[in-house]
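The primary structure of each chain is shown beneath.
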Amino acid sequence: MATYAIGDIQGCARSLERLLEQIRFAPSADRLWCVGDLVNRGPDSLRVLRYLKQLGSSAQVVLGNHDLFLLAAAEGIVALRPKDTIQDILAADDRTELLEWLRRQPLHYHEGAYFMVHAGLLPQWSIDDAARLAREVENTLTSPDARPFLQTLFHGHIRQWNSSLTGFERLAAITRALTRLRTCTPEGALSGFSGSPNDAPPGHLPWFRIPDRRNSDHTILFGHWAALGLHLEPNLLGLDSGCVWGRQLTALRLEDRTLFQVDYADARR
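Residues numbered from 1 in each chain as written. Predicted model: local features only at pLDDT ≥ 70, side-chain atom pairs only at ≥ 80, totals over all residues. Heavy atoms only, no water.

**So, the sheet that holds strand β12 (residues 258–263)**
Paired through their backbone hydrogen bonds, the strands of a sheet run either parallel or antiparallel.
Phase 1: Pairing is mixed in the open sheet, where five strands are placed in the order β3-β2-β1-β11-β12. Strand pairing shows two members of the sheet lacking a second neighbour, β3 (59–61) and β12, which therefore form its edges. Each strand axis lies, on average, 20 degrees off the axis of its neighbour in the sheet, ignoring direction.
Phase 2: Of the strand pairs in this sheet, strand β1 (residues 3–6) and strand β2 (residues 31–34) are connected by four bridges, and their pairing is parallel. Residue Tyr-4 lies in a different strand from β2, and its bridge partner there is Leu-32.
Phase 3: Sheet strands touched by helix α1 (residues 13–23): β1, β2, β11 (248–253) and β12. Its angle to β12, the strand with the most contacts, is close to 140 degrees. (Pairing = 2+ DSSP bridges. Helix = DSSP H or I, 4+ residues; strand = E, 2+ residues; numbered from the N terminus. Axes fitted to C-alpha atoms, helices over the stretch in contact; angles between N-to-C directions. Contact = heavy atoms within 4.5 Å.)

Here is the structure:
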């Protein structure tokens, strides 16, 4: 059995299929770990979602910001933008089943020395802190409070994380960190920066470069930062290699750190 961690797919179904062919993925024996942003911007989000759903326990995914955007769009909380490509899911006959499956996926996955999250972890959070906070959001997404939470996430004023926050404001701050973090201050204040790490705003560093961060005792798998690109260190696996931007889709076999990549293979609409 092998475990393959895969970077941001974002609806690039053909690229995913070619990558799985290259690694000879066998659902009966192997597992896929997906770092989130399964959908949007690529040409076939519906095919990606249907495939991962039918894998059952052979697929372990965490939610990314684009996946949460899809859930909000399905609730009428956000309007689709010109670059969004999730209309096929919203119009699908199996829309209800797909969205129900998606909203039950976690924002984190912890197994042994590995911790998977879409974007990153604030430096003041230990692994136990991050798991506990993520579960607060996960429980809300499967509750009657899911809609007002998503309303706050996409239309409310999201404050920087502070342990004294309560209610939906607290949940939105947690979610922002887990799904949108790239750079922050040593105190954990996020920026909206998305460019090269070398161009980070004054006073901000890539989250994993903050000195003495409390979660450095685990190997963290993440995506979300296409401008960072593939970034591999002993305890840090950044897997967003920018497939949807015409670059590569990446899989890393965790047992021996063997790297597999395919070039972008999806014709845009």
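**Concerning a nonpolar patch on the surface**
Phase 1: Together, Leu-230, Leu-232 and Leu-259 give the surface a local cluster of nonpolar side chains, amounting to about 210 Å² of exposed area.
Phase 2: Within the secondary structure, Leu-232 is located in strand β9 (residues 231–233). (Patch = residues over 30% accessible without salt bridge, like charges linked within 9 Å, V, L, I, M, F, W, Y side chains within 5 Å. Areas by Shrake-Rupley, 256 points an atom, 1.4 Å probe, with all protein chains shown as cover. Salt bridge = Lys/Arg side-chain N within 4 Å of Asp/Glu carboxyl O.)

**Let's talk about the packing of aromatic side chains**
Phase 1: Evaluated as defined, the whole model comprises nine aromatic pairs.
Phase 2: Ring geometry for Trp-33 versus Tyr-114: centroids 5.9 Å apart, planes at 85 degrees, classification edge-to-face. You can see Trp-33 sitting in strand β2 and its partner Tyr-114 sitting in strand β5 (residues 114–117), a full 81 residues away along the chain. Just as Trp-33 is buried, Tyr-114 falls in that class too. (Phe/Tyr/Trp six-rings, centres within 6.5 Å; stacked < 30°, edge-to-face > 60°. Buried < 20%, exposed > 50% of the residue type's maximum accessible area, 1.4 Å probe, protein only.)

**Remarks on the sheet that holds β9**
Phase 1: As summarised here, the arrangement of the five strands in space is β4-β5-β8-β10-β9, forming an open sheet in which the pairing is mixed. With partners counted over all chains shown, the strands left at the sheet margins are β4 (108–111) and β9, one partner each. Direction aside, the axes of adjacent strands within the sheet are offset by 15 degrees on average.
Phase 2: Relative to strand β10 (residues 236–238), β9 is paired through three bridges, and the arrangement is antiparallel. Within the sheet, the bridge partner assigned to His-231 lies in β10 and is Gly-238.
Phase 3: The sheet strands contacting helix α6 (residues 127–141) are β4 and β5, and the helix crosses β4 at an angle near 140 degrees.

**Looking at the pairing of β1**
Phase 1: Neither face of β1 is open: one carries Thr-3 and Ala-5, the other Tyr-4 and Ile-6, and all of them are buried.
Phase 2: Each parallel crossover has a hand, and the one from β1 via α1 to β2 is right-handed.
Phase 3: Of the strand pairs in this sheet, β1 and β11 are connected by three bridges, and their pairing is antiparallel. Considered in β11, the bridge of Tyr-4 is made with Arg-253. (Right-handed = clockwise from strand over helix to strand, strands pointing away.)

**Topic: the nonpolar core**
Phase 1: Judged by nonpolar contacts, the single largest core of 82 residues is most densely connected at Leu-38, Leu-52 and Trp-125.
Phase 2: With seven residues, the single largest contributor to this core is α6.
Phase 3: Dropping the residues within four chain positions of it, Leu-52 is found in contact with Ile-9, Leu-32, Cys-34, Leu-38, Ala-59, Val-61 and Trp-101. (Core = buried A, V, L, I, M, F, W, Y, C linked by side-chain atoms within 4.5 Å.)

**Quick look at the pattern of salt bridges**
Phase 1: For the structure shown, the criterion picks out 17 salt bridges.
Phase 2: Between Glu-17 and Arg-47 there is a salt bridge, with its nearest N and O atoms 2.8 Å apart. On the criterion of sequence distance, the pair formed by Glu-17 in helix α1 and Arg-47 in helix α2 (residues 45–54) is long-range, its members being 30 residues apart.
Phase 3: Between Glu-233 and Arg-209 there is a salt bridge, and its shortest N-O distance comes to 2.5 Å. Of the two residues, Glu-233 is situated in strand β9 and Arg-209 in the loop between β7 (205–206) and β8 (219–222); the sequence distance between them amounts to 24 residues.
Phase 4: What makes Arg-209 partly exposed here is its relative accessible area of 42%.

**What about the layout of surface pockets?**
Phase 1: Of the voids in this model, the largest pocket is the one considered here, and its volume is about 430 Å³.
Phase 2: Within the residue set of the lining of the largest pocket, elements represented by two or more residues are α3 (65–74) and α8 (167–180).
Phase 3: The leading source of residues in the lining of the largest pocket is α3, at three residues.
Phase 4: Among the residues making up the lining of the largest pocket, the classes are represented as seven nonpolar, seven polar and eight charged.
Phase 5: Contributing to the lining of the second largest pocket are Leu-71, Ala-74, Glu-75, Arg-95, Thr-96, Leu-99, Glu-100, Arg-103, Leu-141, Ala-146 and Leu-150. (1 Å grid on protein atoms, 1.4 Å probe; cavity = no way out; pocket = protein on both sides within 12 Å on 5 of 7 lines; lining within 4 Å. Points joined across faces, edges and corners; volume = space filled by probe spheres on them. Nonpolar A, V, L, I, M, F, W, Y, C, P; charged D, E, K, R; others polar.)

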